[in-house]
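Letter by letter, the chains look like this.
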Amino acid sequence: CHKKPITSLEWHPSDESMIVVSDEDATYIYDLSIEEDEEEKRDEGEAAGDGSIPPQLLFVHCGSESTKEAHWHPQITSLVMTTALSGYSAFIPSNL
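Per-chain numbering applies: the sequence of each chain, read as written, is numbered from 1 onward. Local features in this predicted model are restricted to residues of pLDDT 70 or higher, and side-chain atom pairs are both shown and tallied only at a pLDDT of 80 or more, whereas totals for entire chains, interfaces and linings draw on every residue. Calculated side-chain values reflect all of the structure's heavy atoms, with hydrogen atoms and water omitted.

Colleague: Help me out: how do you make sense of the environment of Asn95 in this one?
Modeller: A run of H or I in DSSP counts as a helix once it spans at least four residues, and a run of E counts as a strand once it spans at least two, with each numbered from the N terminus. Here Asn95 is to be found in the segment after β7 (87-91). Separated by 36 residues in the primary sequence, Asn95 and Phe59 have C-alpha atoms spaced 7.8 Å apart. Within the structure, Asn95 has its side chain in polar contact with the backbone oxygen of Leu58 (distance 2.7 Å). Counting of polar contacts relies on pairs of N or O atoms within 3.5 Å, with two restrictions inside protein: one atom must be capable of donating a hydrogen and the other of accepting it, and residues adjacent in sequence are counted only when both atoms are side-chain atoms.

So this is what it looks like as structure tokens:
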């Protein structure tokens, strides 16, 4: 997923398997407890490292220019805040 250097990462304050990661292009939310289904992977004929979207990737927030920091809100645990050259964002992904 990441083509540019990672600028920020932070573990979720209450769910140890969730992490928010940002690079200059976007902010990504991963759930590392999700395991890839090997049978489904074989059925689809995917090869490892083919650039496909990992199953752990839950959400991508694009549109900010040069994102520098991403943080979970300490009390609203599904809220993520980012700072970037283009301004700041606060969002709650609909699938969390």
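Next, the rest of the story.
Colleague: Help me understand the pattern of salt bridges, please; the structure alone is not making it clear to me.
Modeller: Two side chains that carry opposite charge are able to pair once their charged atoms sit near each other. When a carboxyl oxygen of Asp or Glu lies within 4 Å of a side-chain nitrogen of Lys or Arg, that pair is called a salt bridge. For the coordinates displayed, the defined rule picks out 2 salt bridges. Residue Lys4 pairs with Asp25 through a salt bridge whose shortest N-O separation is 3.4 Å. Residue Lys4 is found in the segment before β1 (6-11), and its partner Asp25 is found in the loop between β2 (18-23) and β3 (26-31); the two are separated by 21 residues along the sequence. Buried residues are those whose accessible area, probed at 1.4 Å on protein chains only, stays under 20% of the maximum for their type, while exposed residues exceed 50% and partly exposed ones sit between those limits. For Asp25, a relative accessible area of 36% translates into the label partly exposed. Here Lys68 makes a salt bridge to Glu24, at a shortest N to O gap of 3.9 Å. Note that Lys68 is positioned in strand β5 (residues 67-72) and Glu24 in the loop between β2 and β3, a separation of 44 residues in sequence. Its relative accessible area of 41% is what places Lys68 among the partly exposed residues. Its relative accessible area of 30% is what places Glu24 among the partly exposed residues.

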